[in-house]
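Report on the structure
Each chain, written out:
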Amino acid sequence: MLTIDNLHARVGQQSILKGLNLQIKPGEVHAIMGPNGAGKSTLSYLLSGRDGYEVEGGSVQFMDDDLLEMEVEDRARHGLFLAFQYPVEIPGVSNMEFMKESVNAIREQRGEEPLSAAEFLKKAKEACKQVQLPLDFLKRGVNEGFSGGEKKRNEIMQMILLEPKLCILDESDSGLDIDALQVVASGVNSQRNSERSFLVITHYQRLLDYIKPDFVHILANGKIVKSGDASLALKVEKEGYAFLGIEATEEASS
Amino acid sequence: MTEQIDQALSRKYEAGFVSDIESETFAAGLDEDVIRRISAMKNEPEWMLEWRLRAYHSWLKMEEPEWAHLHYPKIDYQAISYYSAPKSMKDKPKSLDEVDPELLRVYEKLGIPVHEQEVLAGVAVDMVFDSVSVATTFREKLKEAGVIFCPISEAIQNYPELVKKYLGSVVPRSDNYFAALNSAVFTDGSFVYIPKGVRCPMELSTYFRINEQNTGQFERTLIVADEGSYVSYLEGCTAPQRDENQLHAAVVELVAMDDAKIKYSTVQNWYPGDEDGKGGIYNFVTKRGICHTNAHISWTQVETGSAVTWKYPSCVLKGDNSVGEFYSVALTRGRQQADTGTKMIHLGKNTRSTIISKGISAGRSNNSYRGLVHMGPKADGARNFTECDSLLIGDRCGAHTFPYIESRNPTAKVEHEATTSKVSEDQLFLCKQRGLDAEKAVSMIVNGFCKEVFKELPMEFAVEAGKLLEISLEGSVG
């Protein structure tokens, strides 16, 4: 699904990723943890293709393609989905309109017919229920006036509708109360299957109680310094990162 | 095909028949004689000529206004031809079948499917090609309801009393430089009269176009809604590419008698000029309506065209409890300049007005909102709410807001809200991450920004307006 090989990247003059390696196979759930400034968000933006992140070396293979050569929208159309840490508002554009365009752009890429308004509405309503958002959220502007928790649930709703191949969740648990966290987690779990992979970026082990990872990686100073199974997250939770000999680097942007 | 049309249109009139559209065009220049000739061409009564000449003499004494935030080369009024009419119009067609097919093809090329509109939308289309109305449809159906909808040149012949009473009653002959010029040389336009208590059975629509090089367009529209009546009027226009700047100075007057309501919607898409702003239309428009007791006038405009726009659709809220509304989307790109807004003149008690203005600037354009809210001494309890939002695309364009508020009544309330925002990187990134390309993303964000205004437009117009924005924004990303 995804192979990251010796990836080096910087933001401005600051090197953030310094030789990152990671391989994700279809159906696997990988969690990435790490102290502030380790490069977690940089990794998610780099994979999704945001401007301002410069690759200095290494490669990223996404299925059959060289991911780093692809435009942002092409990555999305080929099945890469990023659930944003801070979803932005798009005033006046209804959630429904936005997601319908999005779903149909991705369907077009797959060589499928666009969904009719009625077909889309049916799917959207189901997705809405799955993340426990009232149906009127479909009519509201994208993230317009949503609470933090509602925004995160809205991201998961989009993920459900878009049926991506690789889902990157960038701190989807931040700012959530326990109920909202469970809703988000069950939305994610409902989408797990043998084809779909997940990269879950989080600060806290708590999320991993609900989304059970196959692998846990600790990212520090731009590298994966330790990998293991779910128990690694529990150990970090208990002992902090100190046992790995890591201290948070303050100057790096997260 | 296009070349043939262009050739035909740029050809000078020669005696005899040719298969393409010909025009009878006056030589450039303006003097009393030109006005007399226009009036004679139209077979106008003496009082109309008199009216025009008075306007002309006022105009001669006036100065072209310079207060707007617009920069354009000095207009040489003697270099403009003041009359142009499609030749085949001497014998007026009774139906579209009789209309020059060449003309209809030009319309179709511009995406104005006249036939479709007639059948599907039930819209009566008063087509204006250059200066003379070509075809007026659905006249019969309107007649049944007692509605008069015809070219103003015809109204001058057939309904002189109505025209005499209301022409210039809202926008006086010497109101401003461009209105005075229009009053002197206007060639045609629409006239609408809705009798007492009648709800006009269909939306009335006029498509204006400029098609003759170097010919100023001086449209004159007069709409009178008698007591308790209702009418919705749609005005839309597109224009083909031109090399030289074209002057357009229209006047629109609306009269809403007691308890009447007029809804006036415009989609304006004049040629904006090339990337350097060369060749676009100069659009100087005076639009104003007067509201009598309990009357209601609503202006909705979507402005995407013209090199220069100078336009302030206004309401004089004379009668108690009358209501004025102005909903506007103005999009500028390339080197376009727009100075547009409204005036809400509150004279009567408990008068109310709402102004929603959405300005979008892209490229190296400049977009200004200029609005006056005036509360007169007798306007007890009057209220205004203004919302004025600007959206910037890129970093070389400008958005400006010039609100004027005058309150002479302590019980009047005026609210003004203004915002300026940019299409943000974050928004674009979100859209792209969801599979949308940059152009689609910007058009979606801009359409969302305009939603409050679009929802005021009649359905089919709103769809058209959305498409127009999308087309207009092509290439403005990156």
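Residues numbered from 1 in each chain as written. Chains lettered and ligands numbered in written order. Predicted model: local features only at pLDDT ≥ 70, side-chain atom pairs only at ≥ 80, totals over all residues. Heavy atoms only, no water.

Where an unreviewed UniProt entry is consulted, chain B appears under the name Fe-S cluster assembly protein SufB, with the organism given as Alkalimonas delamerensis.

With an unreviewed UniProt entry as reference, chain A is termed Fe-S cluster assembly ATPase SufC, source organism Alkalimonas delamerensis.

Observations concerning the confidence of the model for chain A
Residues and elements named next belong to chain A. To keep things clear, this is the line we draw: As a per-residue quantity, pLDDT reports the predictor's confidence and falls between 0 and 100. Working definition: helices are DSSP H or I runs of at least four residues, strands are E runs of at least two. Numbering for both runs from the N terminus. What makes two residues a contact is simply this: any of their non-hydrogen atoms within 4.5 Å.
Put simply, chain A has an average pLDDT of 90, and 96% of its residues get 70 or more. Per-element averaging of pLDDT across chain A places helix H8 (residues 230–239) at the bottom with 88 and strand E6 (residues 80–83) at the top with 96. Long-range and interchain partners of residues 250–254, a stretch whose pLDDT sits below 50, account for 7 contacts in this model, where long-range means more than four residues apart.

Quick notes on the pairing of strand E8 (residues 220–225) of chain B
Residue and element names in this part refer to chain B. Quick note on the threshold: For every residue, the accessible area (1.4 Å probe, protein chains only) is compared with the maximum for its type, and the residue is labelled buried under 20%, exposed over 50%, or partly exposed between those bounds. Strand pairing is assigned whenever DSSP detects at least two bridges linking the two strands.
Among the 6 residues of E8, 6 are classified as buried, and the element is accordingly described as predominantly covered. Of the two faces of E8, the one lined by Arg220, Leu222 and Val224 and the one lined by Thr221, Ile223 and Ala225 are each fully buried. Direction of pairing for E8 relative to strand E11 (residues 251–256): parallel, over a ladder of 6 bridges. Across the sheet, residue leucine 222 finds its bridge partner in E11, namely glutamate 253.

Observations regarding empty space enclosed by the protein
Residue and element names in this part refer to chain B. Condition: A cavity here means a set of 1 Å grid points, computed over protein atoms only, where a 1.4 Å probe fits but cannot escape. A pocket is an open set with protein on both sides within 12 Å along at least 5 of 7 lines, and lining residues have an atom within 4 Å of a point. Grid points are joined across faces, edges and corners, and a volume is the space filled by probe spheres set on the points.
Summed over the entire model, instances satisfying the criterion amount to 5 cavities of 30 Å³ or more. The volume enclosed by the largest cavity comes to roughly 90 Å³. The wall of the largest cavity is formed by 16 residues, among which Ser357, Gly359, Asn367, Ser368 and Tyr369 lie closest to the centre. Elements with a minimum of two residues in the lining of the largest cavity: strand E17 (323–332), strand E19 (352–361), strand E20 (366–375), strand E21 (383–392) and strand E22 (398–407). The element best represented in the lining of the largest cavity is E19, accounting for 4 residues.

Let's talk about helix H3 (residues 95–109) of chain A
One full turn of an α-helix is made of 3.6 residues, so residues set three or four places apart face in the same direction. Residue and element names in this part refer to chain A. Note the cut-off: Between the first and last residue of a helix there are one fewer steps than residues, each counted as 1.5 Å, and that sum is the expected span.
Relative to the 21 Å expected for 15 residues at 1.5 Å per residue, H3 spans 21 Å between its end C-alpha atoms, a close match to the ideal helical length. Asn95, Phe98, Met99, Ser102, Val103, Asn104, Ala105, Ile106 and Arg107 are the residues of H3 that are buried. A positive backbone phi angle near 80° is found at glycine 111, which sits one or two residues after H3.

Observations concerning the packing of aromatic side chains
Residues and elements named next belong to chain B. Heads up, the condition is: Two rings belonging to Phe, Tyr or Trp (six-membered ring only in the last case) form a pair when the distance between their centres is within 6.5 Å. Interplanar angles under 30 degrees mark stacking, angles over 60 mark edge-to-face geometry, and anything in between is tilted.
For the structure on display, the rule yields 24 aromatic pairs over all chains. Seen from their ring centres, tyrosine 159 and phenylalanine 191 are 6.5 Å apart, and the 20° between their planes marks the pair as stacked. A residue pair is termed long-range when its members are at least 10 positions apart, and tyrosine 159 in the loop between helix H7 (152–158) and helix H8 (160–166) and phenylalanine 191 in strand E6 (residues 190–194) qualify at 32 residues. On the basis of relative accessibility, which here comes to 28%, the residue tyrosine 159 falls in the partly exposed class. The interplanar angle of 65° and the centroid separation of 5.1 Å between the aromatic rings of phenylalanine 178 and tryptophan 310 together place this pair among those described as edge-to-face. Of the two residues, phenylalanine 178 is situated in helix H9 (residues 177–185) and tryptophan 310 in strand E15 (residues 308–311); the sequence distance between them amounts to 132 residues.

Observations regarding the packing of H3(A) against helix H4 (residues 117–130) of chain A
All names here are of chain A. Heads up, the condition is: Axes here mean lines fitted to C-alpha atoms, for a helix over just the part in contact, with angles spanning 0 to 180 degrees between N-to-C directions. Roughly parallel means an angle under 35 degrees; roughly antiparallel means over 145; roughly perpendicular covers 65 to 115; every other angle is labelled oblique. Under the grouping applied here, Gly and all other residues not named as nonpolar or charged are polar, the nonpolar ones being Ala, Val, Leu, Ile, Met, Phe, Trp, Tyr, Cys and Pro and the charged ones Asp, Glu, Lys and Arg.
Where H3 contacts H4, the axes come no closer than 11 Å and their chain directions differ by 110°. One way to sum up the angle between H3 and H4 is to call them roughly perpendicular. Taken together, the residues of H4 that come into contact with H3 (itself represented by Met96, Met99, Lys100 and Val103) are Ala117, Phe120 and Leu121. For the contact of H3 with H4, a count of residues per class yields 6 nonpolar, no polar and 1 charged.

Thoughts on the nonpolar core
We count it as follows: Nonpolar cores are built from buried Ala, Val, Leu, Ile, Met, Phe, Trp, Tyr and Cys residues. Side-chain atoms within 4.5 Å join them into one set.
Core analysis: the biggest nonpolar cluster contains 112 residues, and A:Leu2, A:Ile4, A:Leu47, A:Phe98, A:Met157, B:Ile360 and B:Val446 have the highest contact counts within it. In this view, A:Phe98 contacts A:Ile90, A:Val93, A:Val142, A:Gln158, B:Leu430, B:Cys431, B:Arg434, B:Leu436 and B:Met444; residues no more than four positions away in its chain are not counted.

Regarding the confidence of the model for chain B
All names here are of chain B. For chain B, per-residue confidence averages 81 on the pLDDT scale, and residues scoring 70 or more make up 78% of the total. When mean pLDDT is taken per element in chain B, strand E16 (residues 314–317) scores highest with 98 and helix H5 (residues 114–121) scores lowest with 39. For residues 1–22, every residue scores under 50 in pLDDT, and the model assigns this stretch 28 contacts once sequence neighbours within four places are set aside. Across the assembled chains, the prediction reports ipTM 0.93 with pTM 0.79.

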